[in-house]
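Residues per chain, in single letters:
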Amino acid sequence: MNKSLAIKNIGTLITGDINNPVSTANTVIVIHGKIEKIGDESLLTDYKCDEVIDAMGTTLAPGLIDSHVHPVLGDFTPRQNTLGFINSSLHGGVTSMISAGEAHTPGRPKDPAGTKALAILAHKSSKSRPGGVKLHGGAVILEEGLIEKDFEEMAKEGVWLVGEVGLGSIKDPEKAAPMVKLAKKHGFKVMMHTGGTSIPGSSTISSDDVIRTGPDVVSHINGGPTAVSLTEMEKIIDNTDMALEIVQCGNFKVMKETVNKVKSRDQLQRIIIGNDSPSGSGIIPLGILRTIAYVASEAEVSAAEALCFATGNTAQVYGLNTGLVEEGKEADFVIMDTPLGSIGKNAIEALEAGDLPGISMVIIDGQIQFAKSRNTPPATKMAKVEGAV
């Protein structure tokens, strides 16, 4: 690992902080994988770095966080019989992923012992960073028979996520709510399926079901893929303070209306972005970018705000030490520019025009993962690596 890294000549710095999305700083110093200092190029006098990246006046943002992925083990999914889907998302700017449950595992066990074992296995195997991404795997799916001792044991082994409530046999809020309370007691973050059924065995979940169950995250409020009605969506917004997840593999009309409703209530910190993939809709490596471009061009938010939905907002909801360009945070970045042919003069204008930016570099923990995305359109200006200073 490089001990120190400088990124200079940043044209637009997106902070990930929804309350202050754009910084005037143009230089970031990274030491041992963490952000050490943010400022102007005078920092290069104070810090002699092992490696320097010239951003060439383009846009730097925190690495994107996919808040809703259904992995199995490693960078493989039998759902679409695909290898390398996680690495393809890395080339879409995603540096972290959060499992919403390993629901597509062949022969997935549904008894308490098997359910618990799968969560522990998936959590521990995800630490290898399949596909190069920080995958937070092992989201336990709630099944009949789980008791407090099971949550204690899983927490001891590092499991901290409850996948979408409704994917397992626990569907009725009368049974789900007490189990959710047990999970939260032991430090778990809890997601809940919302809307129509997705895969065989899942359930239709209404706004009342969500409110009575009390998860931390309303998974795919715009449907996975079938959404609740606009009235139901507003009921969740107005009667809870839960995080509201919008997903690429959902209903675009409800996505837009959700963002606009939340914007009108000055609660944009509640919006997070996921793919909800692999799914029947397929695998969409650029899904997080596509969702950002959609809401930035069609809803009543800026591209800078939309980028915060997929970075700092998600990090705040899940307690991750990334997602913000802030001193002490993990040095995960995406460097991008307007794609060739776009009417946008930079990545922000391109997103607001509905175009996907070209990614020239992704960095995780201060280490360059690639110097040209294989999946986005070509960036007009490419970041480049210089020698040490």
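Residues numbered from 1 in each chain as written. Predicted model: local features only at pLDDT ≥ 70, side-chain atom pairs only at ≥ 80, totals over all residues. Heavy atoms only, no water.

### Looking at empty space enclosed by the protein
Heads up, the rule is: Lining residues are those with an atom within 4 Å of a point, where the points come from a 1 Å grid over the protein atoms alone and group into cavities, where a 1.4 Å probe fits but cannot get out, or pockets, open sets with protein on both sides within 12 Å along at least five of seven lines. Grid points are joined across faces, edges and corners, and a volume is the space filled by probe spheres set on the points. Strands are runs of DSSP state E lasting at least two residues, helices are runs of H or I lasting at least four, and both sets are numbered from the N terminus onward.
Within the structure shown, the criterion is met by two cavities of 30 Å³ or more. If you add up the space inside the largest cavity, you get close to 60 Å³. Lining the largest cavity, in full, are Glu102, Arg108, Pro109, Thr115, Leu118, Ala119, Ala139, Val140 and Ile141. Sorting the residues of the lining of the largest cavity by element identifies α3 (112-126) and β13 (139-140) as the ones contributing at least two each. Sorting elements by how many residues they give to the lining of the largest cavity places α3 first, with three residues.

### So, the layout of surface pockets
Our working rule: Any residue that is not Ala, Val, Leu, Ile, Met, Phe, Trp, Tyr, Cys, Pro, Asp, Glu, Lys or Arg is counted as polar, Gly included; the first ten are nonpolar and the last four charged.
Here the largest pocket is characterised by a volume of approximately 210 Å³. Around the largest pocket sit 14 residues that line it, and Gly312, Asn313, Ala315, Gln316 and Leu324 are the ones nearest its centre. Tallied by class, residues from the lining of the largest pocket come to four nonpolar, eight polar and two charged.

### Description of the sheet that holds strand β6 (residues 51-54)
The criterion, for reference: Only strands that DSSP links by at least two bridges are regarded as paired with each other. The axes used here are C-alpha line fits, helices contributing only the stretch in contact, and every angle between their N-to-C directions lies in the interval 0 to 180 degrees.
Taking strand neighbours across the sheet as the criterion, the five strands line up as β5-β4-β1-β6-β22 in an open arrangement whose pairing is mixed. What marks the edges here is a single partner per strand, and that holds for β5 (34-39) and β22 (384-386). For this sheet, the mean angle separating the axes of adjacent strands, direction not counted, is 20°. Note that strand β1 (residues 4-8) and strand β4 (residues 27-31) share four bridges and pair antiparallel. Each residue of the ladder has a partner; that of Leu5, found in β4, is Val30.

### Let's talk about the pattern of salt bridges
Quick note on the threshold: Within this document, salt bridges are pairs made up of a side-chain nitrogen of Lys or Arg and a carboxyl oxygen of Asp or Glu, the two lying within 4 Å of each other. The classification of residues rests on relative accessible area computed with a 1.4 Å probe and restricted to protein chains. Under 20% of the type maximum is buried, over 50% is exposed, and intermediate values are partly exposed.
For the structure on display, the rule yields 19 salt bridges. Note that Glu386 and Lys8 form a salt bridge whose closest N and O atoms lie 3.1 Å from each other. Of the two residues, Glu386 is situated in strand β22 and Lys8 in strand β1; the sequence distance between them amounts to 378 residues. Taking relative accessible area as the criterion, Lys8 reaches 16% and is therefore assigned buried.

### Re the domain arrangement of the protein
Put simply, the rule is: The domain boundaries here were taken from an automatic or database domain assignment. We call two residues in contact whenever any of their non-hydrogen atoms come within 4.5 Å of each other. Reported buried area values correspond to the accessible surface (1.4 Å probe) lost by two parts on association, with both partners' losses combined.
For the protein, the assigned domains read domain 1 (5-62 + 324-387) and domain 2 (64-318). Computed over C-alpha atoms, the centres of domain 1 and domain 2 are 27 Å apart. Domain 1 puts 33 residues into the contact, and the matching count from domain 2 is 33 residues. At the boundary of domain 1 with domain 2, total buried surface from both sides reaches about 2400 Å², with 69% on carbon and sulfur atoms. Interface area lost by domain 1 to domain 2 is led by Ile18, Leu351 and Arg374, which between them contribute 24%. Taken together, the links from domain 1 to domain 2 amount to four salt bridges.

### As for the side chain of Lys329
Relative to the helices and strands, Lys329 resides in the loop between α11 (312-318) and β19 (333-337). Once residues within four sequence positions are removed from consideration, Lys329 is found in contact with Gly33, Lys34, Ile35, Asn321, Thr322 and Leu324.

### Points about the pairing of β4
Moving residue by residue along a regular strand, the side chains alternate between the two faces of the sheet. The buried count for β4 comes to four of five residues, which makes it a mostly enclosed element. Between β4 and β5, which pair antiparallel and follow one another directly, the connecting turn spans two residues, one of which, His32, has a positive phi of 50°.

### Section: the packing of aromatic side chains
Inclusion rule: What counts as a ring pair is set by centres within 6.5 Å for rings of Phe, Tyr and Trp (its six-membered ring), and what kind of pair is set by the plane angle: stacked under 30 degrees, edge-to-face over 60, tilted for all other angles.
The tally for this structure, following the rule as stated, stands at three aromatic pairs. Ring geometry for Trp160 against Tyr318: centres 6.2 Å apart, planes inclined by 75°, an arrangement best described as edge-to-face. Placement of Trp160 in the loop between α4 (148-156) and β14 (161-165) and of Tyr318 in helix α11 is noted, with a sequence separation of 158 residues between them. Overall, Trp160 belongs to the buried group, its relative accessible area being 18%. Relative to Tyr294, the ring of Phe252 has its centre 4.9 Å away and its plane inclined at 75°; by these criteria the two rings are edge-to-face. With Phe252 in helix α8 (residues 252-264) and Tyr294 in helix α9 (residues 287-298), this residue pair connects regions lying 42 residues apart in the sequence. A relative accessible area of 19% means that Tyr294 is categorised as buried.

### Section: unusual backbone geometry
Omega for the bond connecting Gly224 with Pro225 falls within 30 degrees of zero, at 0°, which places this linkage in the cis form. Inspection of the secondary structure assignment puts Pro225 in the loop between β16 (217-218) and α7 (230-239). At the junction of Ser277 and Pro278, the peptide bond is cis and its omega measures out at 0° in the coordinates. Topologically, Pro278 is positioned in the loop between β18 (271-274) and α9. Even without being glycine, Asn9 reaches a positive phi, approximately 55°. Within the secondary structure, Asn9 is located in the loop between β1 and β2 (12-14). Located in the positive-phi region is His32, a residue other than glycine, with phi close to 50°. Along the chain, His32 falls in the loop between β4 and β5. When its relative accessible area of 54% is taken as the criterion, His32 is described as exposed.

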